[in-house]
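Coordinate inspection notes
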Amino acid sequence: MKVLIVASYNKKRFAPFIAEQAESLLQVGCDVEWFGVQGKGIIGYLKVLPRLRAKIREYQPDIIHAHYGLSCLLANLATRRVPVVSTYHGSDINLPKIRIFSKIAMRFSAWNIFVSKRNMALVGAVEGNKCSLIPCGINLPKPWRELQNQRVEQQTLNQWVDRVLSKGQKQVLFAGAFDNEVKDPELAKQVIDELRSQIENLELIELKGYTRDQVNALMYNCDAFLMTSKTEGSPQVIKEAMVCGCPIVSVDVGDVKERIEGVDGCYVVESRAQRDLAEALKKALTFDGRTHGRKRIIETGLVNEQVAKRIVEIYESILNCP
């Protein structure tokens, strides 16, 4: 089965979770080709329409799988012959100015995939009615003991961790960069300040500029993970923290509650109140041991290979092939 992936390439790379999903499709037997969209806004996307049509004629895909609302609309405008599967990742639904284009794409797509129930509710999508709820999967990282044996920037990972994480400190890993307003770093910093009177040597670590192995190393070694985002779809960092057994505290955003519900050492705070988040973070920091998040990810079918098999089933149902 030939699958053409259509997604943004504005950063000169495809989003890692989209690339990993495509790699998993290859592993389960699909032939995968890429079309990267370089353009901003609806006008920028429409300008690449001729190139996409040429790519479709050249590659002759059985299925086009587009990611994010504008790419989904573009793919549907490019062809009516090849069925389009559209995946919406959060910002394309949460932002009203983009949501309108996503809703148009939904009408024309052969099938629509959403990463969270909240996003489905925002556009009135009903599972089974040309729609599926399939959060993006993740690759299971190697256990920490195996990661320590790899080289990172000419140092072993455990030496790198010792350099990045100060000894004697309580380390809280923040769910993003401090300059990303959507992640609300100011609220996270206020929560840490609230707790410093109760917990000494408390440090908030910015998640920015690290390799995948380094991120996993931080998640394996930090005492807790904190998310204060204003909006999310199905945040990959939550799943990544889960498989590393890191205790998690998050505001009720995206599908975080569904992912960590029932996992001891992980807490969703209904409000965005600084004091409530601080109380939950104190529990996470005093949690004894690592969580069983890895087991939950596997049980709920969120390993990339499991997700890829579900997506292929959608492709096959559209094409009416076994």
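None of the values given here were measured: they were computed from a predicted structure. (Residues numbered from 1 in each chain as written. Predicted model: local features only at pLDDT ≥ 70, side-chain atom pairs only at ≥ 80, totals over all residues. Heavy atoms only, no water.)

Digging into the pairing of strand β1 (residues 2-8)
Defined as follows: For every residue, the accessible area (1.4 Å probe, protein chains only) is compared with the maximum for its type, and the residue is labelled buried under 20%, exposed over 50%, or partly exposed between those bounds. The numbering of helices and of strands both runs from the N terminus, where a helix is a DSSP run of H or I of at least 4 residues and a strand a run of E of at least 2. DSSP bridges decide pairing: two strands pair if at least two such bridges lie between them. The definition of a right-handed crossover adopted here requires that, viewed with the strands pointing away, the path from the first strand over the helix to the second runs clockwise.
Within β1, five of the seven residues are buried, leaving the element largely enclosed by the surrounding structure. Here β1 pairs with strand β2 (residues 31-37) via seven bridges, running parallel. Bridge assignment links V3 to a residue of β2, and that residue is V32. For the segment spanning β1, helix α1 (residues 16-27) and β2, crossover handedness is right-handed. Taken together, the four bridges between β1 and strand β3 (residues 63-67) define a ladder with parallel strand orientation. In the strand pairing of β3, L4 is matched with I64.

Re helix α9 (residues 157-164)
Residue pairs spaced three or four apart in an α-helix point in one direction, given the helix's 3.6 residues per turn. Selection criterion: This arc is taken over the directions from the axis of the helix to the C-beta atoms.
Of all the residues in α9, the buried ones are L157, W160 and V161. Burial along α9 is one-sided: seen end-on, the buried residues are contained in an arc of 100°.

Some words on the sheet that holds strand β11 (residues 224-227)
Selection rule: To define axes, lines are fitted to C-alpha atoms, for helices over the stretch in contact only, and angles between the resulting N-to-C directions are given on a 0 to 180 degree scale. We call two residues in contact when some of their heavy atoms are within 4.5 Å.
Within the open sheet, the five strands sit side by side as β10-β9-β11-β12-β13. Their pairing is parallel. Each of the sheet's edge strands pairs with one partner strand only, and the pair in question is β10 (202-205) and β13 (266-269). The mean inter-strand angle of the sheet, taken between neighbouring strand axes irrespective of direction, is 20°. One ladder, built from four bridges, connects strand β12 (residues 248-251) with β13; its direction is parallel. Paired with I248 across the strands is C266, a residue of β13. Against the sheet, helix α10 (residues 185-195) makes contact with β9 (170-174), β10 and β11, and its axis sits at roughly 165° relative to β10, the strand it touches most.

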